[in-house]
Amino acid sequence: MSPRRARRRESSRPFGFPTGLDKVEEWPDGEWKVRMLTGASSAKNYRCPGCDQEIRGGQPHVVAWPNWPGGDEERRHWHQTCWRKRLDRGPGRSRY
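This write-up is about the structure you can find in this document. (Residues numbered from 1 in each chain as written. Predicted model: local features only at pLDDT ≥ 70, side-chain atom pairs only at ≥ 80, totals over all residues. Heavy atoms only, no water.)

Tallying secondary structure elements over the protein gives one helix and six strands in all. In the protein, the succession of α and β elements from N to C terminus is β-β-β-β-β-β-α. For the protein, with 96 residues in total, the buried portion stands at 25%. Of the contacts made within the protein by residues no fewer than 6 positions apart, 43% connect residues no fewer than 24 positions apart. (Helix = DSSP H or I, 4+ residues; strand = E, 2+ residues; numbered from the N terminus. Buried < 20%, exposed > 50% of the residue type's maximum accessible area, 1.4 Å probe, protein only. Contact = heavy atoms within 4.5 Å.)

Right, here's the structure in full:
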């Protein structure tokens, strides 16, 4: 007799778990397309525009770009916390 395999339920993922799908978010600074990445497919390092620190390959993070035609050329890779807190930054700093 072979052992029984555990089955995953759809609801077993924690809230906010990265899915890899694009979604549109509305913020006071406009509409943004946002993609949550688990980091499993990322081997490249990126620089977060929010904190100017490195996002190492394999680390979960957010890719965001403005939701307008040609906005995909403005894609930026952010730490998840930096993306949520970007509107709290002081004057003189770019929002993306």
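Next up on the list: the sheet that holds strand 5 (residues 61-66). Spatially, 1-2-5-6 is the arrangement adopted by the four strands of the open sheet, whose pairing is antiparallel. Every interior strand has two partners, whereas the edge strands, strand 1 (22-27) and strand 6 (76-78), have only one. For this sheet, the mean angle separating the axes of adjacent strands, direction not counted, is 35 degrees. With six bridges connecting them, strand 2 (residues 30-37) and strand 5 associate as antiparallel partners. (Pairing = 2+ DSSP bridges. Axes fitted to C-alpha atoms, helices over the stretch in contact; angles between N-to-C directions.)

Let us now look at the side chain of His 61. On the secondary structure map, His 61 appears in strand 5. You can call His 61 buried: its relative accessible area is 0%. Of note is the side chain of His 61, whose polar atom sits 2.9 Å from the backbone oxygen of Gln 59. Among all residues touching His 61, those that are not within four sequence positions of it are Arg 35, Met 36, Leu 37, Ser 42, Tyr 46, Ile 55, His 77, Trp 78 and Gln 80. (Polar contact = N/O pair within 3.5 Å; in protein donor to acceptor, adjacent residues only side chain to side chain.)

With that settled, the discussion passes to the environment of Gln 53. Position of Gln 53 relative to the elements: it lies in the loop between strand 3 (46-47) and strand 4 (54-55). Sequence-distant contacts of Gln 53, that is, excluding residues within four places in its chain, are made with Tyr 46, Arg 47, Cys 48 and His 79.

Another point: the pattern of salt bridges. Summed over all chains, the structure comprises five salt bridges. Salt-bridge contacts for Arg 35 lead to Asp 22; the nearest nitrogen and oxygen are separated by 2.5 Å. Linking Arg 35 in strand 2 with Asp 22 in strand 1, this pair joins segments that are 13 residues apart in sequence. Residue class for Arg 35 comes out partly exposed when judged on its relative accessible area of 24%. The shortest N-O distance in the salt bridge between Glu 25 and Lys 23 comes to 3.6 Å. With relative accessibility at 16%, the residue Glu 25 sits in the buried group. Classification of Lys 23 by relative accessible area gives partly exposed; the value is 43%. (Salt bridge = Lys/Arg side-chain N within 4 Å of Asp/Glu carboxyl O.)

Geometry only, nothing functional implied.
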